[in-house]
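Observations on chain architecture
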Amino acid sequence: QVQLVESGGGSVQAGGSLRLSCAVSAYTDSPYCIGWFRQAPAKLREGVAAMYPGAGRTNYGDSVKGRFIISRDKAKNTLYLQMNSLKPEDTAMYYCAADLLGIGGSWYDPRDFGHWGQGTQVTVSS
């Protein structure tokens, strides 16, 4: 069982930075894949960034490559999303999600993730 709690969302001006946090209850038991999704009004939920703790591999959506960084603090059992050079189109509800068993096999399809946080709102103004 994995519980996820996001925090760190807020309002920021275009070009600014924000860091999201996700507290993970798995302790030393790492999910197969854990990452961040976002969903804007009238838009599909899309994969932003993800990592495979066991393999040490990360993935990023095309729209955030070079601007966002996903990282993990094992001691604090916390996942982070550092967001730099924010744009108005980054405005969305951001969710932390975990795929425990890796049955689905993707990092970007929300249908492959069975555990979700409550979400944290990010608003970028121009």
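Everything below is about the structure shown above.
Summary of the structure given here. Since the model is a prediction, treat every value here as computed from it, not as a measurement.

1. Section: the sheet that holds strand β8 (residues 78–83)
Here we have four strands laid out as an open sheet, ordered β1-β3-β8-β7, and antiparallel in their pairing. Each having just a single partner strand, β1 (4–7) and β7 (68–73) make up the two edges of the open sheet. Going from strand to strand, the sheet's axes swing by 20 degrees on average, the running direction of each strand aside. Direction of pairing for strand β3 (residues 18–24) relative to β8: antiparallel, over a ladder of six bridges.

2. Focus on the packing of aromatic side chains
The full count for this structure, using the stated rule, is six aromatic pairs. Judged by centre distance (5.0 Å) and plane angle (55 degrees), the ring pair of Phe 37 and Trp 116 falls under tilted. Placement of Phe 37 in strand β4 (residues 33–39) and of Trp 116 in strand β10 (residues 115–116) is noted, with a sequence separation of 79 residues between them. Phe 37 sits in the buried class, given a relative accessible area of 1%. An aromatic cluster of three or more residues is present, and its members are Phe 37, Tyr 95, Phe 113 and Trp 116. A cation sits over an aromatic face here: Arg 45 above Tyr 95, 4.1 Å from the ring centre. Positioned above the aromatic ring of Tyr 52, the side-chain terminus of Arg 57 is 4.2 Å from the ring centre.

Criteria and thresholds
- Residues numbered from 1 in each chain as written.
- Predicted model: local features only at pLDDT ≥ 70, side-chain atom pairs only at ≥ 80, totals over all residues.
- Heavy atoms only, no water.
- Pairing = 2+ DSSP bridges.
- Helix = DSSP H or I, 4+ residues; strand = E, 2+ residues; numbered from the N terminus.
- Axes fitted to C-alpha atoms, helices over the stretch in contact; angles between N-to-C directions.
- Phe/Tyr/Trp six-rings, centres within 6.5 Å; stacked < 30°, edge-to-face > 60°.
- Buried < 20%, exposed > 50% of the residue type's maximum accessible area, 1.4 Å probe, protein only.
- Lys NZ or Arg CZ within 6 Å of the ring centre and 35° of its normal.

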